[in-house]
Structure formats: structure tokens, C-alpha cells
Amino acid sequence: MDVILPLAVPGIYTYAVPEGLAPLPGARVVVPFGTGRKLYSALVHRCHEEPPAVRRPRTILSVLDEHPLVRRSELEHWQALAAHYMCNPGEVMIAALPGALVLSSETRLMASHQSTPGDLDSRQTALLHVLQERHVLTMSEVGEVLGLKDPASLVGRMMDRGLLLLEEELQQGYKPRTERFVRLAPEASSEAALQAWFDQLEKAPKQLHALMRFIELSRCLTDEPRSVRRQELLASAGITPGVLNALVQKGLFVIEDRAPDAAAATPGSTDGPVLSPAQGRTLEGIREAWKDHAVTLLQGVTASGKTEIYIELVRELIAQGRQVLYLLPEIALTTQVITRLRRYFGEQVAVYHSRLTQRERSELWMRMLDDQAAPAIVLGARSAMFLPFRDLGLIVVDEEHDPSYKQHDPAPRYHARDMAIMLAGIHGAKVVLGSATPSMESLHQAHQGKYGHVVLNVRYGDATRTNVVRIDLRDAHRRKQMRGNFSTTLLDAMQAALARKEQVIIFQNRRGYAPVWQCETCGWVPECDQCDASLTYHKHDHTLRCHYCGRTYPPPSACGSCGGRRLRMLGLGTEKIEEELQLLLPEARIARMDQDSTRGRHAFERLLDRFASGQVDVLVGTQMVTKGLDLERVSVVGILHAENLMRHPDFRAHERAFQLMAQVAGRAGRRGDQGTLFIQARDIHHPLLELVVAGDVEGFHQRELEHRRAHGYPPFTRLVRLTLKHRSEERVQRTADALYTRLLDLPGIGLLGPEAPPVSRIRDLHLRQILVKLPRAGYRVTKERLSGTMDRLFAETEHRPVRLVIDVDPY
């Protein structure tokens, strides 16, 4: 039997199955792995009778699942994903399964029965005394008892002397959620028995009131009495748990734990959305495109009503009894979309993303395995594509261009859009990719005839195209028309919008207060101790923070180099913009939307609700404000420093900048009057800005395509970025040079590097990168040769300590 282990180890492993056990593919089994007594919950990949050629297989210990936890189609998807992204099956398993379904082996310590020697120190003696009382402690509990952050060395010394023993115990991470229900005891359920209880409880008014409320809630005098949730009864009757427990002890009630009743699958509205003539033609165009293509690109301008078209497609598919996966790039967007979907589909819609608790994610996974309880529609971020669908008929990838669909760390470093297309192929499903600014790859595939292509260039209803105004910052500074980081033109437009009770969005793609502190005397800049990166000042907690490793530092009072006390802050982030606006517009209600202000589980939803309900006048934010939000009161949008978007050392910098500016423009004027986008820049005649003003997606695509073709970048090649990491800069450079030399022998590939990235040290690890360009013709064969070359190099003793990170399609 072959199994996948939930570890970053290469390949799959073969185990023997003892008599009496018959696990099915997709079920979990408990297996030993490694030289110690570690136990893991592995997933059965294949059952066979082929003994391994190398060694005698170890034996599985038990079977955890009577029925498969993962369907065959998901196993096929996992295998394809691991092969494409050059990662291990165990890494895919960890990413796919909810954490509560991946069992953990926890180290537990017990005292041995030998006599206690007299030469122990105080901590060793204290630990043995505690173990005599509590018998078993986990490693983390040992640390708490002894006040040690890492007790491993002390425990190791005691184990070497035979004073401590290890016990391995698998803990079941997932248990089905239960609720406490109250029902009448069997002997109290008849009408005569109830009457006797009424008489008996006359002198206990609270208990009598509890019985009366129970009868009202459960309708127990009808032919079909039912149980009542314990919390519901306590709240409705206004009683304490003590009153209820007294009735249980008297024999009137019985309390039982069981699964909560499934929410009624309300059907939602029977009518679909009202489509405009343009939307109707687009819908018919998608249907026609699907006759020849499994994947269709819907290129629709912002506010054109793409969601209503998706809803109509979803209605058609679930009417056929099939399931739908609706992908969004950000968890934040589910707040608005779930409301619109449930308006039409009620409780047939389930939501899945990483901000759900482990229990909630596990429960939805188990529901998906139940053909009767499985939801027809799943709305979620990229991780939702790993759910075990029974019969997937449609995948909607909304805002398909968004870089958030790419998983960067840890492995697997997959792109959800591309893997969703692969998943659709396994299920025989259709795919619609939607965007106002499609990615270069998707639009190129459409132009090549590999995808269907439908264009919707008309905004829905009476919404008009956003007007774009460019503001020359150099000229504004020369004319003294700047107030802080805002031109008077933008400020006047903001004040006019606020006077009309309209709202404003200000886009600044950098969080924090100031990106750099600098000594005015010598130019010293404080940097992170573990990373080669300057620290960003965050005013809300008065700290300097490294955005690469997360470490925080107190702000310096003097220069760390010359001792001077004249320190200044350079640059600006969303916190500083928010502070400036509070001074410039003191009457306005201003809020900030970035990673720092929306860390809580429901923080984004609360902020969005406040803005949508008119409790916030001006919203300052990073690219979170550009992602498909439908906010009808917004009439003015401002971009403060557009050139910063275009100057990243990345071949996709112009594509990302064009998409961001076009998307942020789409937040204005979505209802009624025309909205305006103000772009502040020092080079207002840059060709990219000309294309943004014209809203010319096709023009941008053709211009950018020629650059990509000339320099050998996607969509004409495939990229693999190899990142090498080690604490020794000399060693990582030596291994990078050796890898580059070996790769030169591979025919047909292009190489850039090895070179140090802009931030060349993160968490005390020195980095070197090699960018590999693979031809599309013979891509799989070339990638296999690449993989073999790397495996041989890192099998050598000299290079084995260097860590290699492989990122396929690193964008």
C-alpha cells in the first residue's frame, strides 16, 4: 500500500497492511515514520501487492477512516499539482486538508521507575516531583513548569541518564461539533405526567416557568415533540443553568449531546437577476463559446455587471444537479458576494477560506463528502479548490488577473487560476475567467483561440465610464499648489464630493507611517538585525517593524552610526496619509484599510459595513481597496504617487500598475453620476498613463506583448525561480555558482543569475536566485531534466545543507 505522509518529504511510501485491515484509497491510516517512534496520519494513495525493491516495508498500525476522506478526483488533482509545481505530495496534502484532519503526534514525557540520584539540579528535581503527581507532561508543559522557553536540552540530559521516558500519542484533531439539547424524560412525556409536574412545581416558580417555556419552544403536546437547544431554553426562559440542572436531577428533563440540526436549505429567490440587453448577449456568447472551449474569458469593464452573469450561469448548472466553485482572490470580497449569492440561492451557498476556524473548515469538508448534505455552491479564496467535490460542473474565477491567486509561501507555490482549470478538466467542468483587466497569459490564450473570449464593454444601467484626470506633481510643487502630499486640485474635488454627501477613496500602495528613518548628518538608516531591509515606522504602536520577518524595534533617539539626534522620516504610508487628511479635512470621517487595520477575523467586514452605510467619508487604503468592491456612493478616487507603481524591478511591473490603476478607477461612479480618478505623478505623459486614461486594455496588451516577446518572458516562455538559502553567504554563493554551471549543460533554457535579490538576507539566511526560462515547446521534458540536475547536485555532501526553494510561474 502506498501512502502520502503529511511531511515535506519526496515521493510516496510503501507500507504493509496487516490482516484484518482493508483501508481504501483516500482514507487515513496511522503509520510510523523515521528512526524514532513518531506516528503520523498518512493518506492511502494506492493499494497493491507490489513489495518495494529496497527494503522490507513497515506496517500500518490502524485505519482512521471507514470511508475515504479524499476522493479519487482530488488525489489525481494533488498529483498533477505536485508534478507541475515541483513540490512533494506531502506538502500538497498539508495545504489541502484542514489542519484538524491532519493528526499530530505530540511528544509526552513520563518519569522512569529508577531511583532518583542525588546529584540533580533544582530544575531536574522539580520536574520529577511534578511528574510523580501528574504522571505525563508534554514538552510545552515542561517549559511552563520550569519557566524555560526551550526545555529540550534539559530533557535530553535526563533522558540520557534514563530518568525520563517518551510516550507517543496520536491526538484526534477533529471531532464533529455537537450541541446540548434538552428533551423530556420518557416517563414525563405523556399529558397526564406533565400535569403532575405542573402541580409538583407550583412552589418552584422558576422551574415551573422553565417547563412552560420548554413546552412553547418544543410544542411537545403535539404529535411530534422535539428537543430544544439548551442555550435557547436558558435564554428564552431567563433562567440559570442551576435551575435547569435541578429539573434534570428531579427526572423531568434529559440533556443529550448531538449534532446540531442542519440549517434549512432555503431556496432563495426563484427569479434570476434582471439582465440588460448587453448582459444577455454576453451570457449567450459564453454559452456559445463553451461549445468549443472548456475555458472562456469574460472581459468586462468595471461595473458592467459580471456578477449577475455568473449568477445566471450558476443557476443553470445547479439546476442540472451539479456543483459550482466560485473563486475570489481575497477573503475580504466574500463579504459582498455572499450576500448577493444568498439572495438568489439561500443556504445552498457555503463559504470556505483560511480565516474560518479549523472546526468550521473541517465541518464543511465532511459535509462535502456527504452527497445529501453537500452544498451546491462553494464560495471561497484559493484554498476552496481543494474541497472534495462530488460532481463539479462550473468554476468561476472572478478577478482572474489578481496576484493574490498565487500562493508564495509555503509550498506548494501554486496559482489557483491555473489549478482550477486543471481541476475542471478532471471533473469535466466548464470555467469562466472574469476580469476588466485580464492577465497577459489569459488574454494571449484567448487571442490564440485556446480559450473562448467574450467582451462586455458597457457599464450596467446608467453608470458612465470614470473620468481620469492627471495631475503633474512637478508643476504643482512649482506653483505652490501642494498641501502635504495632496494637490489642491485633488483636495478641492474631495471637498466638493464630501459637500454632496459622497465618498472618497485614496490609494497608497504602502502600509505603515514612513518607510525609512534617516540621519540627516550621515545618512544612516536603521535596518533589521536579521534582514537586509530598512525598518518601517508604524505610528499606531510607535514601533519600527521589519516587513520581511515581522520583528519590531523601538524607534531610535539617536543615530546608530554617528550619534547625531537629527533624524527624519522619508516616504509615506497609509498611516501618514490618514493623519494628513485628518488635518486637511477635520470634519471628514476618515478610516484606513490595510493589512494592519484589518487583522481581526471580522475587522474587514466591520470596516466595509461602516463605509457602505455612510459612516466613513474617506477611505485610505492599499491595494485592498482596488479588489472588486461595489460601493455606490464613491465619486472620487485618488492615486497619490503613480510612478511608484511602475518602478518595481519586475518584468510584470507595468502590467500590475495598469491593472491596479484601472481597477481603482472602477471603484468610482458605479451608480448614476460620473466618477473621477485623479492620478498624481511626476511624469503624466508616461505611455502607461496614456493607456489608463484611454482605458485601452487591448492597446496595453499589444504594447506589453512585444516587450515580452523580445526579452523571452511569459506568455512566450515558462519561468522557474530557484532561491538558495543558507546562513553562510560564502556557502550559498558557492552552491549557486555550482548549480548555474550544471544548468548551462541543459539545452534550450535561458538563465539569469545567480544574483542576490534586492533584499539578500531574510531571517539570517543569505539568499541567491537563479531565474530559469523554459521553452513552451517540450516544457515537461525540459522541466524533468531541470529537476534531475538539481536532485543530483543537492545529493552531494557539500551542497546538501543549502536549502533550495523552487517557484514555478513565480508571478
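Residues numbered from 1 in each chain as written. Predicted model: local features only at pLDDT ≥ 70, side-chain atom pairs only at ≥ 80, totals over all residues. Heavy atoms only, no water.

Here we come to the side chain of Arg413. By the secondary structure assignment, Arg413 is in the loop between strand 17 (392-398) and helix 14 (416-427). Classification of Arg413 as buried rests on a relative accessible area of 8%. At 2.8 Å, the side chain of Arg413 and the backbone oxygen of His408 are in polar contact. (Helix = DSSP H or I, 4+ residues; strand = E, 2+ residues; numbered from the N terminus. Buried < 20%, exposed > 50% of the residue type's maximum accessible area, 1.4 Å probe, protein only. Polar contact = N/O pair within 3.5 Å; in protein donor to acceptor, adjacent residues only side chain to side chain.)

Two elements in contact, helix 6 (residues 191-200) and helix 7 (residues 205-218), have axes whose closest approach is 9 Å; the angle formed by their N-to-C orientations is 150°. In this view, helix 6 runs roughly antiparallel relative to helix 7, as classed from their interaxial angle. Seen from above, helix 6 lies across helix 7 with left-handed handedness. Judged by residue contacts, Leu194, Trp197 and Phe198 of helix 6 engage Leu208, Leu211, Met212 and Ile215 from helix 7. Here the contact of helix 6 with helix 7 is composed, by residue class, of seven nonpolar, no polar and no charged. (Axes fitted to C-alpha atoms, helices over the stretch in contact; angles between N-to-C directions. Parallel < 35°, antiparallel > 145°, perpendicular 65-115°, else oblique. Left-handed = near helix turned anticlockwise from the far one by under 90°. Contact = heavy atoms within 4.5 Å. Nonpolar A, V, L, I, M, F, W, Y, C, P; charged D, E, K, R; others polar.)

What follows concerns helix 18 (residues 574-584). Residues separated by three or four positions in an α-helix point in the same direction, a consequence of the helix having 3.6 residues per turn. The buried fraction of helix 18 is high, at eight of 11 residues. All buried positions along helix 18 are accounted for by Thr574, Glu575, Lys576, Ile577, Glu578, Glu580, Leu581 and Leu584.

Moving on to the packing of aromatic side chains. Inspection of every chain in the model, using the stated rule, returns 10 aromatic pairs. Where Phe386 meets Tyr414, the ring centres are 5.4 Å apart and the plane angle is 80°; that geometry is what we call edge-to-face. On the criterion of sequence distance, the pair formed by Phe386 in the loop between strand 16 (377-380) and strand 17 and Tyr414 in the loop between strand 17 and helix 14 is long-range, its members being 28 residues apart. Take Phe386 and Tyr414: they sit in the same class, and that class is buried. Grouping aromatic residues by their ring pairs yields a cluster made of Tyr13, Phe33 and Tyr40. Just above the ring of Tyr779 sits the side chain of Arg718; from NZ or CZ to the centre is 4.7 Å. Between Lys773 and the ring centre of Tyr713, over which it is positioned, the NZ or CZ distance is 3.9 Å. (Phe/Tyr/Trp six-rings, centres within 6.5 Å; stacked < 30°, edge-to-face > 60°. Lys NZ or Arg CZ within 6 Å of the ring centre and 35° of its normal.)

Strands sit in the order 25-26-27 across an open sheet of three strands; the sheet is antiparallel. Pairing within the sheet leaves two strands with one partner each, and these edge strands are strand 25 (536-538) and strand 27 (552-553). Bridge count for strand 26 (residues 543-545) against strand 27 is two bridges, and the pairing is antiparallel. From the neighbouring strand, Arg545 faces strand 27, where its bridge partner is Thr552. (Pairing = 2+ DSSP bridges.)

With nine of 12 residues buried, helix 12 (residues 334-345) is to be regarded as a mostly interior element. Taken together, the buried positions of helix 12 are occupied by Thr334, Thr335, Gln336, Val337, Ile338, Arg340, Leu341, Tyr344 and Phe345.

Bringing the pairing of strand 36 (residues 765-775) into the picture now. In terms of burial, strand 36 is a largely internal element, eight of the 11 residues being buried. Of the pairings in the sheet, the one linking strand 33 (residues 717-726) to strand 36 comprises 10 bridges and is antiparallel in character. Opposite Arg721, over in strand 36, you have Leu771 as the bridge partner. In this structure, strand 34 (residues 750-755) lies alongside strand 36, joined through four bridges in antiparallel fashion.

Our next topic: the sheet that holds strand 3 (residues 28-32). Strand pairing in a sheet is mediated by backbone hydrogen bonds. Such pairs are either parallel or antiparallel. The strand order across the open sheet built from six strands is 5-2-1-4-3-6, with neighbouring strands paired in mixed fashion. One side of each edge strand has no neighbouring strand; the edge strands of this open sheet are strand 5 (58-59) and strand 6 (62-63). The pairing of strand 3 with strand 4 (residues 39-46) spans five bridges and is classified as antiparallel. Across the sheet, residue Val30 finds its bridge partner in strand 4, namely Ser41.

Two elements in contact, helix 15 (residues 440-447) and helix 22 (residues 697-711), have axes whose closest approach is 11 Å; the angle formed by their N-to-C orientations is 95°. Relative to helix 22, the element helix 15 is oriented roughly perpendicular. Here helix 15 contributes Met440, Glu441, Leu443, His444 and His447 to the contact with helix 22, which in turn contributes Val697, Glu698, Phe700, His701, Gln702, Glu704, Leu705 and Arg708. Here the contact of helix 15 with helix 22 is composed, by residue class, of five nonpolar, four polar and four charged.

Where the model shows low pLDDT, its predicted coordinates should not be examined in detail. Mean pLDDT over the protein chain stands at 86; residues scoring 70 or higher make up 91%. Per-residue pLDDT stays below 50 along residues 220-224; that stretch engages in eight contacts with residues further than four places along the chain or on separate chains. Taken together, the stretch residues 261-266 has pLDDT below 50 and engages in eight contacts with residues farther than four places along the chain or on a different chain. (pLDDT = per-residue confidence, 0-100.)

This brings us to the nonpolar core. In terms of nonpolar packing, the biggest core is built from 110 residues, with Trp78, Leu325, Ile395, Met661, Leu743 and Val772 touching the most fellow members. The dominant element in this core, judged by the number of residues it contributes, is helix 20 (residues 653-665), at six residues. Once residues within four sequence positions are removed from consideration, Leu743 is found in contact with Leu722, Ile749, Leu751, Ile770, Val772, Leu786 and Thr789. Within the second largest apolar cluster, 29 residues are counted, among which are Trp290, Leu328, Val349 and Leu379. (Core = buried A, V, L, I, M, F, W, Y, C linked by side-chain atoms within 4.5 Å.)

Of all six residues in strand 32 (residues 676-681), six are buried; the element is thus mostly enclosed. Note: strand 20 (residues 467-472) against strand 32, six bridges, orientation parallel. Bridge pairing in strand 32 links Ile471 to Gln680. In terms of strand pairing, strand 31 (residues 634-639) meets strand 32 through four bridges, oriented parallel. Looking at the pairing, Val637 lines up with Leu677 of strand 32.

Attention now moves to the pattern of salt bridges. The tally for this structure, following the rule as stated, stands at 40 salt bridges. Asp391 serves as the salt-bridge partner of Arg322, at 3.1 Å between the closest nitrogen and oxygen. Here Arg322, found in the loop between helix 11 (306-319) and strand 14 (323-327), pairs with Asp391, found in the loop between strand 16 and strand 17; they are 69 residues apart in sequence, far enough to count as distant. On the accessibility criterion, Asp391 (26% relative accessible area) is partly exposed. One salt bridge in this structure joins Arg734 and Glu798, with 3.1 Å as the shortest N-O distance. Highlighted residues: Arg734 in helix 23 (residues 729-743) and Glu798 in the loop between helix 24 (779-794) and strand 37 (803-808), separated in sequence by 64 residues. Given a relative accessible area of 39%, Glu798 falls into the partly exposed group. (Salt bridge = Lys/Arg side-chain N within 4 Å of Asp/Glu carboxyl O.)

Our next topic: the environment of Leu584. With respect to the element layout, Leu584 can be found in helix 18. In sequence terms Leu584 and Leu491 are 93 residues apart; their C-alpha atoms lie 8.5 Å from each other.

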